[in-house]
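As a plain string of letters, each chain reads:
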Amino acid sequence: MDTVIQTLVNGIALGGTYALLAIGLAMVYSVMGLINFAHGELLTITGYALVGAIALGVPFWPAALVGVIAAALAAVAMERIALRPLRGASLETLLLSSFAISVVLQVLFAELISTRAKPVATPDLFSSSVSLGSIEIGSLQLVTIAVVVVLLVALTLFLRRSTLGRCIRAAGIDFEMARLVGVRANSMFVLAFALSGLLAGVAGVLWVGQRGSVDPSMGLTPVIAAFLATIIGGLGNLSGAALGGLLYGLLQTVLEQILPASLQPYRDAIVVVVIVAILLFRPNGLLSRGSIGRVREA
Amino acid sequence: MSAPADPAPLLEVAALDAAYGAIRALEEVSLTVAAGEVVALLGPNGAGKTSLLRAIAGVGPTVSGGLRLHGRELAGVTPEQRVRRGIALVPEGRQLFGSMTVDDNLLVGRVGAAGRRDREQTRARLEELRELFPLLRDAGARLAGSLSGGQQQQVAIARGLMSDPELLLLDEPSLGLSPQLVDVVFATIAALRERGTTMLLVEQDVAEAMALADRCYVLASGRVTASGTPEQIGAPEDLVGAYFGAGS
């Protein structure tokens with residue numbers, strides 16, 4: 001029983017990190033119709049900003065804030081510099097552009113910083129654990145779950161209760177109609193990217209907390225997981241992205257726990273097979289036909 | 001001393017051409033709409049009525065020619081800026097944000113209003129519209145997509161009015177509605193007319209459109225073929241006969 005609870009907590013924590021990334025991807029997809037494959041690099045930017053700030057003597061938590069802000073700014077810069085000039089271009093062009101941004105950033109990280117992993121001194125909190133009866137749960141996992149819950153609640157309130165939130169939902173449902181009622185198109189793009197960057201930044205801090213280091217391609221694995229999570233949940237659907245992220249994380253963790261050592265190398269392949277099975281029954285994802293506007297149905 | 005009267009019409013369309021790629025939708029279209037007027041655009045399917053409304057709202061085909069509101073050129077002005085200048089389009093098919101509540105649809109409709117940041121003004125506008133459309137009072141928390149066609153049309157018109165527009169563009173408000181609901185929608189438009197709302201109306205029901213309008217323009221194959229008061233245009237049934245007679 002203890003093992004089951006520990007596995008669930010670990011799975012939810014990992015899935016929560018994926019969910020933050022997946023929601024960012026879904027948000028951009030909802031407004032722009034683009035899966036931003038450079039989203040993973042926002043994690044890396046968070047990591048390097050964190051490393052840089054710590055190297056300058058900034059304590060970990062303020063440095064983490066610097067990392068989150070850096071990710072949000074980088075996301076806005078991606079939209080302004082690389083994607084806005086291509087607005088109206090074909091989906092293929094946008095996809096290739098986001099791939100190009102990803103590759104260029106990875107090369108820049110490798111050339112300008114290092115191909116080697118940079119260690120990050122994380123607070124003791126991240127390596128400690130909490131005893132709940134006979135169960136030992138990692139503090140990082142608990143912090144991750146708490147942060148994810150707070151962010152998801154805050155995001156839901158923002159989208160449901162604020163004018164900007166309503167506008168971004170409206171733009172996600174029907175972009176042209178949103179413009180016809182006065183919603184500023186460019187602002188919605190910027191806002192969607194900024195929010196996706198913010199979420200990626202937080203996910204980045206949590207990811208670095210788990211790894212304890214930063215390297216140029218550290219964003220690749222989580223962004224693939226987040227991409228698959230958005231597919232599981234239904235492209236462009238925020239609630240679906242969150243659900244998909246949680247399921248993906250749980251599935252990975254449970255398989256890690258139950259698979260014999262000889263089958264462990266096949267873990268991710270099995271996860272993908274499960275996703276394919278889900279899509280056979282729900283081709284558009286678990287919460288299909290959605291967009292950002294459907295967040296209220298969460 | 002009273003302010004001098006504005007010599008320019010509220011909306012002026014002058015020799016407007018519009019095209020979707022190589023396909024011409026509008027050719028040398030000229031019309032005016034004065035403040036407080038209800039102007040109907042009549043014509044067969046494919047005449048260019050919807051294209052004209054969309055061009056005025058800024059989301060239509062590529063245009064050339066004059067398009068002015070209060071004498072100010074609209075060329076290069078984005079759709080969202082046009083809303084801020086006082087144009088609201090209630091499109092064909094309503095296009096409500098179906099997975100948002102009715103109240104949220106209305107509040108999004110407010111973002112283009114000059115008084116959007118004033119909560120009191122927004123509340124007052126909502127109350128005013130709830131008086132005009134009692135449905136809004138009861139259905140505020142319902143998802144817009146769950147309403148009937150006639151109810152959706154009322155919400156769509158109310159959403160358009162939330163921005164306090166000077167010019168309301170109504171595109172086929174009765175399309176797809178049952179006869180009973182059509183009556184409700186026309187009663188709504190008549191009530192707006194009584195309140196002095198300026199409207200440019202595209203409506204397939206020629207008799208109703210002419211009954212509501214101060215003036216009419218008849219379009220065929222993207223050109224204005226006739227204009228004048230409903231009396232000058234003639235009997236609705238003759239006009240409908242002429243559409244088909246023209247074979248357009």
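Details of the structure are given in the entry above.
All of the points below concern the structure found in this document. Just so it is clear, the model here is predicted, and its values are computed rather than measured. Per chain, residues are indexed from 1 in the order of the written sequence. All chains are assigned letters beginning with A, and all ligands numbers beginning with 1, in the order in which they are written. In keeping with the predicted nature of the model, local features appear solely for residues at pLDDT of at least 70, side-chain atom pairs appear and are counted solely at 80 or more, and the whole-chain, interface and lining totals rest on all residues.

Attention now goes to the packing of helix 2 (residues 39-55) of chain A against helix 9 (residues 185-211) of chain A. Residue and element names in this part refer to chain A. Where helix 2 meets helix 9, the closest approach of the two axes is 8 Å, and the angle between their N-to-C directions is 60°. Judged by the inter-axis angle, helix 2 sits oblique to helix 9. As helix 2 runs across helix 9, the sense of the crossing is right-handed. Residue-level inspection shows His39, Leu42, Leu43, Thr46, Gly47 and Leu50 of helix 2 in contact with helix 9, the latter providing Ser196, Gly197, Ala200, Gly201, Ala203, Gly204, Val205, Trp207 and Val208. Grouping the constituent residues of the contact of helix 2 with helix 9 by class yields 8 nonpolar, 7 polar and no charged. Axes, fitted as lines to C-alpha atoms, cover a helix only where it is in contact. Angles between the N-to-C directions of the axes lie from 0 to 180 degrees. Think of it this way: any DSSP run of H or I at least four residues long counts as a helix, any run of E at least two long counts as a strand, and we number them from the N terminus. Angles are sorted into four bins: roughly parallel if under 35 degrees, roughly antiparallel if over 145, roughly perpendicular if 65 to 115, and oblique for all others. Each crossing is labelled by how the near helix is turned from the far one, with a counterclockwise turn of less than a right angle marking it left-handed and a clockwise turn marking it right-handed. Throughout, a pair of residues is in contact if the C-beta atoms placed from their backbones lie within 7 Å. The classification used treats Ala, Val, Leu, Ile, Met, Phe, Trp, Tyr, Cys and Pro as nonpolar, Asp, Glu, Lys and Arg as charged, and all other residues, Gly among them, as polar.

Moving on, we get to the sheet that holds strand 8 (residues 199-202) of chain B. Hydrogen bonding along the main chain pairs the strands of a sheet, whether they run parallel or antiparallel. Residue and element names in this part refer to chain B. Any two strands with at least two DSSP-identified bridges between them are counted as paired. One open sheet holds the 6 strands; their spatial order is 6-7-8-3-9-10, and the pairing between them is mixed. The two strands at the open ends of the sheet, each matched to only one other strand, are strand 6 (87-90) and strand 10 (223-228). For this sheet the average axis-to-axis angle between neighbouring strands, irrespective of direction, equals 20°. Bridge count for strand 6 against strand 7 (residues 167-171) is 4 bridges, and the pairing is parallel. Counted as the bridge partner of valine 90 is leucine 170 from strand 7. On top of the sheet, helix 6 (residues 149-161) reaches strand 6 and strand 7; it is set at about 170° to strand 6, its chief contact.

Residues and elements named next belong to chain B. A sheet is described by the order of its strands in space; here 4 strands give the open sequence 2-1-4-5, paired in antiparallel fashion. Pairing within the sheet leaves two strands with one partner each, and these edge strands are strand 2 (23-33) and strand 5 (72-73). In terms of strand pairing, strand 1 (residues 11-20) meets strand 4 (residues 62-69) through 7 bridges, oriented antiparallel. Each residue of the ladder has a partner; that of aspartate 17, found in strand 4, is serine 64. Lying over the sheet, helix 1 (residues 49-57) contacts strand 1, strand 2 and strand 4, oriented at roughly 70° with respect to strand 2.

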